[in-house]
Amino acid sequence: MEDTGHGFDSFDPVAVLKKPNVILRLISLVFSIIVAACLSSDAWEKGACQFNNDPGACNYGWAVGVLSSCTIVAFLCVDFLVHRIGDLQTRKMIVLADIIFFGLWSFLWFVCFCYLTDSWRKTPADKVTHGWGGMKASIAFSFFSIFTCGSLAILAYIRYQQNTGDDFLAGYDDPSSGSGVQPAMRSAYSSLPTGNSFGSGPRTQPVDNSESDTKPLTSDPAYQPKEY
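None of the values given here were measured: they were computed from a predicted structure. Along each chain, the written sequence defines residue order, and numbers are assigned to residues from 1. Under the rules for a predicted model, residues below a pLDDT of 70 receive no local features and side-chain atom pairs below 80 are neither given nor counted, while totals for whole chains, interfaces and linings still include all residues. Here the side-chain values reflect all heavy atoms present in the structure, with hydrogen atoms and water set aside.

Description of the pattern of salt bridges
Counted as salt bridges are all cases of a side-chain nitrogen of Lys or Arg within 4 Å of a carboxyl oxygen of Asp or Glu. Within the structure shown, the criterion is met by 5 salt bridges. One salt bridge in this structure joins Asp98 and Arg25, with 2.7 Å as the shortest N-O distance. Pair noted here: Asp98 is in helix H4 (residues 88-122) and Arg25 is in helix H2 (residues 20-42), with a separation of 73 residues, a long-range link. The same class applies to Asp98 and to Arg25, which are both buried. Where Asp118 meets Arg121, a salt bridge forms, and the shortest distance between an N and an O atom there is 2.7 Å. One end of the pair, Asp118, and the other, Arg121, are both in helix H4, 3 residues apart, so they sit about a helical turn from each other. For Asp118, a relative accessible area of 29% puts it in the partly exposed group. Only DSSP runs of H or I with at least four residues qualify as helices, and only runs of E with at least two residues qualify as strands; both kinds are numbered from the N terminus onward. Exposure is judged per residue with a 1.4 Å probe applied to protein chains only, and the accessible area is read against the type maximum: over 50% gives exposed, under 20% gives buried, and values in between give partly exposed.

This is the structure in structure tokens:
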């Protein structure tokens with residue numbers, strides 16, 4: 001069931017989960033969790049970062065992963081609750097935030113990928129005692145996150161430019177205008193007579209048939225009713 005703008009009760013969570021932006025959010029969430037988990041569990045050895053002994057690389061990648069995960073969860077909540085938001089301007093602001101955040105995070109993931117890759121390249125092989133797989137995974141999923149976040153920013157930008165989709169009230173007026181009636185319904189009602197238009201044509205006096213049974217059927221004076 002799709003949200004066709006006929007009402008808030010048409011919300012279908014399964015349809016929301018099938019949306020491309022929601023699918024990309026879930027994928028980005030998984031990538032962010034993997035990066036943060038790998039860096040926190042495998043990148044540290046006795047308090048030292050194994051990425052060329054540079055704590056900035058480990059801390060930066062971990063922070064980007066954690067903050068990305070928290071914000072993506074917030075956007076997922078908005079995706080499931082946006083049908084309850086009736087203000088058009090609020091929905092537009094949500095889409096603008098979508099564009100700004102994921103555009104910024106795509107850039108931060110690019111910086112994270114470059115930072116971790118350069119630190120890994122400079123790391124002597126004998127200095128890494130464990131966690132090779134986790135460190136490589138953090139680099140790989142940082143790279144993948146560049147494209148997932150970039151795709152989310154592009155989708156949000158297209159949705160904003162087209163001014164369509166569930167994030168905008170295509171079938172509703174701005175509630176601040178005091179009219180929540182859909183245009184099709186409003187035009188249908190406007191075609192009906194209003195005010196005193198009903199019965200505004202010429203009126204005729206009601207016919208009094210109370211004496212119709214006692215009056216003769218004709219007014220001809222030559223006519224004489226038969227007596228029985």
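Next, the rest of the story.
A short note on helix H3 (residues 55-81)
In an α-helix, one turn spans 3.6 residues; hence positions three or four apart end up facing the same way. What a helix is expected to span follows from its residue count: subtract one and scale by 1.5 Å. Here H3 contains 27 residues, and its C-alpha end-to-end distance of 39 Å stays within 8% of the 39 Å for a straight helix at 1.5 Å per residue. Within the span of H3, buried status applies to Ala57, Cys58, Gly61, Val64, Gly65, Ser68, Ser69, Ile72, Phe75, Leu76 and Asp79. On its buried face, H3 sits against helix H1 (13-17), H2, strand S1 (44-45), strand S2 (48-49) and H4. Should any heavy atoms of two residues lie within 4.5 Å, those residues are considered in contact.

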